[in-house]
Amino acid sequence: MKLASAVLLCATAFGQVSFDRISNADKEPGNWLTYSGSYQGHRFSPLAEIKADNVSHLTVKWAYQFPDPNNEVSPIVVDNIMYVSGPNSATALDAHTGRVLWNWKRPLPSDYHSIGFGHVSRGPAVLDDKLYVATLDCYLVALDVKSGIERWAVKVADYKTAYSMTLAPLAINGKVVVGVSGGEAGIRGFVDAYDAKTGKRASGGAAEQRSAAAILRRRVRLGGDGAAGRARL
Amino acid sequence: MPAGWFLTDEDVANLAAYVRSFSKIPSEPLPGDAVRGARVYAKGGCSNCHIVAGAGFGYGPELSNIGIRRSAPYIRKAIVKPGATMPEGFLLVEAITPAGDKIEGIRVNEDTFSIQIKDATGQFHSLRKQDLKELQKLRGETPMPPFEEVFNTSELDDLVAYLASLGGKQ
C-alpha cells in the first residue's frame, strides 16, 4: 500500500470492525485493527514501502500533539481513521492529515495514585461500532467510534485499593478482555471479560478472587501461603 | 470583575450550572412531564441524531447532560427554531468532489489545505481543498429541522421537561 501517495483521498470508508475482520487482519495490511496487529500477536506488518534502504529518508507528514506527555500507545488504524489513547483519554485522528475528528476525556480522580508505573495507556481496542479504552482509575469505557461519545462505562475494580489499568483492552468475539495493574502496591491481579455491547461483566469468579478478604479466607483454608489459590487465577 | 472573554459558550454554560448549584432554591417547575417527554423524544426520532446515556446516533450534540448545560427556555428554542441556537463552531458544509459527488455534513476540522467532514451517516470524509470543485460553507444552516409544527404544545412541554431533567452522571 502506498501510504505516501494515498494522501487525502476523499470518501474514507467508515465501516464497522467485525470480529471476522479482526480475525482476518492479515488481509488488511493497511489497517491495524488490534493492539498486536492480529490475534496471532506477531506485531508484523507486511507493508513493504518502507525498507531498510529508504527508512533514513522518511520525513514528517504530520504531527499530533498529545494533550498529555505520558504516552505508550499503539494506535489502532481503521479505514483511514487512527485511534489513539492517553491516560484517561482517547482521540480519533484523520490518518492522512493528523487532524482531530473527536476527543474524549475522563477526569482522573484527584486522589488517584500509582506506584511503580507511569500514568499511561497502551492503546484502545475496536470492535463493531465501539472503541474500548481502559482507564487508570479502573473503568472500561466503550465509545461510539463515530462521535467519541460514551456508550457505557463499567467499574472493573476500585482504584482506591491500588487497582489500575494501563493496558490496551483485547476485543474478541462479543467480549472485551482486560487485566489490571497494581502489583507493586500489593493488589491481586486478575483478568476479566465484559460484554462488548452492554458492558455487563461476562466472566465469573473474578469478583471473589480480587477480594482481599476472600484471598485471606482462602489462604487460611489452604493453611499456607495461598499458592494453590494463586494457581487458580 | 474582568469580562470572561476567554470562556467558550460551553464554559459559560458549565460555569453557570456550577454557580447555580450553590443555591438551595429549587428550580422553577416546568409545565411538562418528563416521563411523557421521554416517549415524545422516542416518537420524534430524536435518537436518530442525538445520544442520551449511551443510546442513539451521534451526528448531533450529545444530550445526556443537556439539563445542566442549558436552561429550559433555551432547550425549547433549540427544538422549535434550531437555527437560532447554533452551537459554537458548528458549521454545515457542502463539498463537490473531483468526481462530482456531493458531500454534505458537519465540519469536524479544517486547516488551510484540508477539511474533514462528517456526513449524516457518521462517515468521515477527509478532503484536500485544492482538489474540490466546490466547497460551500452553509453558515446559519443546520441539519436539524424545526419541530415547531411536529409537536403540539403539550408534547413540546413534555419534551422540554424531559431534556431539562437530563443531568448526566452526577
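Residues numbered from 1 in each chain as written. Chains lettered and ligands numbered in written order. Predicted model: local features only at pLDDT ≥ 70, side-chain atom pairs only at ≥ 80, totals over all residues. Heavy atoms only, no water.

### A closer look at the overall build of chain A
Scanning chain A from N- to C-terminus turns up four helices and 11 strands. Across the 233 residues of chain A, 47% fall into the buried class. Of the contacts formed within chain A by residues at least 6 apart in sequence, a portion of 51% connects residues at least 24 apart. Accessible area of chain A: about 11400 Å², with a carbon and sulfur share of 55%. (Helix = DSSP H or I, 4+ residues; strand = E, 2+ residues; numbered from the N terminus. Buried < 20%, exposed > 50% of the residue type's maximum accessible area, 1.4 Å probe, protein only. Contact = heavy atoms within 4.5 Å. Areas by Shrake-Rupley, 256 points an atom, 1.4 Å probe, with all protein chains shown as cover.)

### Structural notes on the overall build of chain B
Summing up its helical and strand segments, chain B has five helices and seven strands in all. In chain B, the succession of helices and strands from N to C terminus is α-α-β-β-α-α-β-β-β-β-β-α. In terms of overall dimensions, chain B has a C-alpha envelope of 60 × 45 × 25 Å along the principal axes. Of the contacts made within chain B by residues no fewer than 6 positions apart, 58% connect residues no fewer than 24 positions apart. A total accessible area of about 10000 Å² is found for chain B, and carbon and sulfur atoms account for 56% of it. On chain B, the mean spot of the 19 positive side-chain charges and the mean spot of the 21 negative ones are 3 Å from each other. (Lys, Arg positive; Asp, Glu negative; His and termini not counted. Charge placed at Lys NZ, Arg CZ, Asp CG, Glu CD.)

### Brief notes about the pattern of salt bridges
Overall, the coordinates contain 17 salt bridges over all chains when judged by the stated rule. Among the ionic pairs, Asp137(A) bridges to Arg106(A), the shortest N-O distance being 3.2 Å. Note that Asp137(A) is positioned in the loop between β6 (130-134) and β7 (139-144) and Arg106(A) in the loop between β4 (100-105) and β5 (125-127), a separation of 31 residues in sequence. One salt bridge connects Arg36(B) with Asp158(B), and the closest N-O pair in it is separated by 2.9 Å. One end of the pair, Arg36(B), is in helix α2 (residues 34-43); the other, Asp158(B), is in helix α5 (residues 153-164), and 122 residues separate them in sequence. Looking at Asp158(B), the relative accessible area reads 4%, which means it is buried. (Salt bridge = Lys/Arg side-chain N within 4 Å of Asp/Glu carboxyl O.)

### A closer look at the interface of chain B and chain A
Listed by partner, the interface residues are 25 residues for chain B and 22 residues for chain A. Around 1900 Å² of area is buried between chain B and chain A when both sides are counted, 52% of it from carbon and sulfur atoms. Remark: the boundary between chain B and chain A carries one salt bridge. In this structure, Arg99(A) engages Asp111(B) in a salt bridge whose closest nitrogen and oxygen atoms are separated by 3.9 Å. Breaking the side of chain B that touches chain A down by element, the ones donating at least two residues are β2 (55-56), β4 (102-110), β5 (114-119) and β6 (124-128) of chain B. When residues in the side of chain B that touches chain A are grouped by element, the largest group, five residues, is from β6(B). Taken together, the residues of the side of chain B that touches chain A sort by class into seven nonpolar, 12 polar and six charged. (Buried area = accessible area lost by both parts, 1.4 Å probe. Nonpolar A, V, L, I, M, F, W, Y, C, P; charged D, E, K, R; others polar.)

### Remarks on the nonpolar core
The biggest cluster of nonpolar side chains holds 41 residues, and the ones touching the most others in it are Tyr83(A), Trp102(A), Tyr132(A) and Leu140(A). Core analysis: the next-biggest nonpolar cluster, separate from the first, contains 18 residues, Val52(B), Ile79(B), Leu159(B) and Leu166(B) among them. (Core = buried A, V, L, I, M, F, W, Y, C linked by side-chain atoms within 4.5 Å.)

### A closer look at unusual backbone geometry
Residue and element names in this part refer to chain A. Here the phi dihedral of Arg43 falls at roughly 55°; this positive angle occurs in a residue that is not glycine. Relative to the elements of secondary structure, Arg43 occurs in the loop between α1 (19-23) and β1 (76-78). One non-glycine residue with positive phi stands out, namely Asn88, at about 60°. Summarising the element assignment, Asn88 is placed in the loop between β2 (81-86) and β3 (89-94). Overall, the relative accessible area of 2% leaves Asn88 in the buried class.

### Section: the state of the cysteines
Residue and element names in this part refer to chain B. Scanning all chains against the criterion turns up zero disulfides over all chains. This cysteine, Cys46, is not joined by any disulfide, and Cys49 carries the nearest cysteine sulfur, 8.9 Å off. The exposure class of Cys46 is buried, given its relative accessible area of 14%. The class of Cys49 is partly exposed, set by a relative accessible area of 32%. (Disulfide = S-S within 2.5 Å.)

### A closer look at the packing of helix α4 (residues 72-80) of chain B against α5(B)
Residues and elements named next belong to chain B. At a minimum axis separation of 9 Å, α4 and α5 run at an interaxial angle of 125°. It follows from the interaxial angle that α4 and α5 lie oblique. With respect to the hand of their crossing, α4 and α5 are arranged in right-handed fashion. Residues Ala72, Ile75, Arg76, Ile79 and Val80 of α4 pack against Leu156, Asp157, Leu159, Val160, Leu163 and Ala164 of α5. In terms of residue class, the contact of α4 with α5 is built from nine nonpolar, no polar and two charged. (Axes fitted to C-alpha atoms, helices over the stretch in contact; angles between N-to-C directions. Parallel < 35°, antiparallel > 145°, perpendicular 65-115°, else oblique. Left-handed = near helix turned anticlockwise from the far one by under 90°.)

### Description of the pairing of β2(A)
Residue and element names in this part refer to chain A. Counted residue by residue, β2 has six buried out of six residues, so it is predominantly covered. Here β2 shows two buried faces, one formed by Ile81, Tyr83 and Ser85 and the other by Met82, Val84 and Gly86. For β1 and β2, the ladder comprises three bridges, and the chain directions are antiparallel. From the neighbouring strand, Val77 faces β2, where its bridge partner is Met82. Where β2 meets β3, six bridges bridge the pair, whose relative direction is antiparallel. Pairing of Val84 across the sheet is with Thr91, part of β3. The hairpin turn running from β2 into β3, its antiparallel successor, is two residues long, and Asn88 in that turn takes a positive phi close to 60°. (Pairing = 2+ DSSP bridges.)

### Focus on the confidence of the model for chain A
All names here are of chain A. Of the residues in chain A, 80% reach a pLDDT of 70 or more, and the chain-wide mean stands at 85. Segment residues 1-13 is flagged for pLDDT under 50; beyond a separation of four residues in sequence, or across chains, it makes 33 contacts in the model. In the model, residues 219-233 has pLDDT below 50 throughout and makes 17 contacts with residues more than four positions away in sequence or in other chains. (pLDDT = per-residue confidence, 0-100.)

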